[in-house]
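Observations on chain architecture
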Amino acid sequence: MGGNDLKTGDASYIKQLNRKILIKEIIKNVSLSRSDLARITGLNKATVSAQVHDFLKEQIVVEEYDSESVNRGRRPIKLEINGQAGYSIGIDINTTAIFVLFMNLKGETIDTKKIHLKHDDLNQVITQLIQELTPMVKSFNQQFHPLGLIGMSVGIHGIVNNKEEIIFTPNQKWSNITIKEELENAFNTSVYVDNNANLSVFAEQVFDEHISDLFCITLYAGIGLGIINENRIYRGYQGFAGEIGHMVVETHGKQCPCGNKGCWELYASERALMDALQNNNPPISLQDAINKHSTDHLDVMDNYFEYLAAGLNNVINIFNPEKVILNGSIINGNSPFIMDITKRLKSKMNNYREIRASKLGEYSCVLGGAALVIKNFFDIDTIDFTAHDNLIAFKHDI
Ligand SMILES: [Zn+2]
């Protein structure tokens, strides 16, 4: 017995594989017994027990007694991810501020922070970020044992290539900069850099809608599209996929910082709507516009929805998506707007199952980023926190 490298290799490979399957199920099911685990995964009880023994030793899983069945004599022991074992950080570098979210290993938000940007230059922004985060990381490292900080993700409102380099951001004009190594060195942890729409669609899949194909369109200062295709973020040839805000909708339209004219986000982003309302004669506040539009059609709103629907029509016709989640501060709170937009999709070629507003809102990028770290830490292919009550936990202001 033993001594055969191939067999030893196979055994350790299978052990790793089983480990991932079990971790994935413990996360997904929130709390379950060893026999539940064996039944769900199809692994035998001895394998499950041996693995759980390791998880307990590593302190990534804790045992809880099931209080509901106390009266029936034997109390089944439930297994849960140990939230206190470690934490991750999601960071969203926006135009005027940085949103930061701290998440424990169970996907629960433990703290949030908003940092107002003092600089335009990205290197100075990163220096400021490191300065502000260092004391918080030090303090959390003492509270979360034994892992401490397991990694951080940074969402960028622009193009990030497959090597996690920032290629171009239309607002601040950051180009060809890497921030990954500097952050890795500062915090001695893994750092992932990605486009904000990619992290947003990932958050939707992890916390709200765990399906294998999902589209999310973010409509804030710009417009971004995140695509999950067969459980993977679709990135295209070099990582530039989803720059849907720069789809041309007016060939002789407004000049865009990207170099083209008439890009969709110049007409259909929420910033574009705010500009249109301000330039209206007389200027009109957003709340007035929302109120008036629901009773009587308002030209400026009509015009906005017309452009929004036109771009959405193009996205739907290219991809035939199952589900499109729209994420913008105006859309999220106003479900009649979704009906207004869908009514404008008149093409017989339009086919999709549902278009709806995001429940995660502005937090989607940081939630997705922090969850991505946990997924990568456990090295699992998908992570499903939808059965947890996490959505309630972060509903306080960043
Ligand atoms: Zn453009």
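The rules behind the values
- Residues numbered from 1 in each chain as written.
- Predicted model: local features only at pLDDT ≥ 70, side-chain atom pairs only at ≥ 80, totals over all residues.
- Heavy atoms only, no water.
- Helix = DSSP H or I, 4+ residues; strand = E, 2+ residues; numbered from the N terminus.
- Rg over C-alpha atoms; globule rule 2.2 N^0.38 Å.
- Buried < 20%, exposed > 50% of the residue type's maximum accessible area, 1.4 Å probe, protein only.
- Areas by Shrake-Rupley, 256 points an atom, 1.4 Å probe, with all protein chains shown as cover.
- Polar contact = N/O pair within 3.5 Å; in protein donor to acceptor, adjacent residues only side chain to side chain.
- Pairing = 2+ DSSP bridges.
- Axes fitted to C-alpha atoms, helices over the stretch in contact; angles between N-to-C directions.
- Contact = heavy atoms within 4.5 Å.
- Donors = N, O, S within 2.8 Å, 3.2 Å for Na, K, Ca; no water.
- Tetrahedral: all angles 85-135°; square planar, octahedral: opposite > 155°, others 65-115°.

**A closer look at the overall build of the protein**
- Per the secondary structure count, the protein includes 14 helices and 15 strands.
- Rg of the C-alpha trace for the protein: 23 Å, near the compact-globule value of 21 Å for 398 residues, within the 12% margin.
- For the protein, the spread of C-alpha atoms along the principal axes amounts to about 80 × 45 × 45 Å.
- The proportion of buried residues among the 398 residues of the protein is 51%.
- Summed over all atoms, the accessible surface of the protein reaches about 19400 Å², with 47% contributed by carbon and sulfur.

**Some words on the environment of Asp 379**
- Relative to the helices and strands, Asp 379 resides in the loop between α13 (364–378) and α14 (390–393).
- Polar contacts involving the side chain of Asp 379 include one to the side chain of Lys 20, which spans 3.1 Å.

**Considerations on the sheet that holds strand β5 (residues 109–116)**
- Strand order in this open sheet of 5 strands is β5-β4-β3-β6-β10, and the pairing throughout is mixed. Looking at strand neighbours, the two that pair on one side only are β5 and β10 (191–195), the edges of this open sheet. On average, adjacent strands in this sheet sit at an angle of 15° to one another, irrespective of strand direction.
- When strand β3 (residues 86–93) meets strand β6 (residues 148–156), the two strands line up parallel, connected through 8 bridges. Looking at β6, one finds that Asp 92 is bridged to Gly 155.
- Along the sheet face, α13 touches β3, β4 (97–104), β5, β6 and β10 and points at about 140° away from the line of β3.

**Looking at the coordination of the zinc ion**
- For the zinc ion, every protein donor is listed as His 246 (ND1), Cys 256 (SG), Cys 258 (SG) and Cys 263 (SG), and the spread of their distances is 2.0 to 2.3 Å.
- One can describe the site at the zinc ion as tetrahedral: its 4 donor atoms subtend angles covering 105 to 120° at the metal.
- One chain supplies every donor to the zinc ion, and in sequence these donors are spaced H-x9-C-x1-C-x4-C.
- Note on Cys 258: relative accessible area 34%, which makes it partly exposed.

**Some words on unusual backbone geometry**
- Of note, the bond from His 145 into Pro 146 is cis; its omega dihedral lies within 30 degrees of zero at 0°.
- Cis geometry marks the peptide bond from Asn 281 to Pro 282; its omega dihedral reads 0°.
- Even without a glycine there, the phi angle at Gln 59 is positive, about 65°.
- Of note in this structure, Asn 231 is not a glycine but carries a positive phi near 70°.

**Focus: the side chain of His 293**
- Considering the arrangement of structural elements, one finds His 293 in helix α9 (residues 286–295).
- Within the local environment of His 293, its side chain forms a polar contact with the backbone nitrogen of Leu 298, the two atoms lying 3.4 Å apart.
- In this structure, His 293 is in contact with Leu 298, Met 301, Asp 302, Phe 305, Phe 337, Asp 340 and Arg 344, ignoring residues within four places of it in sequence.

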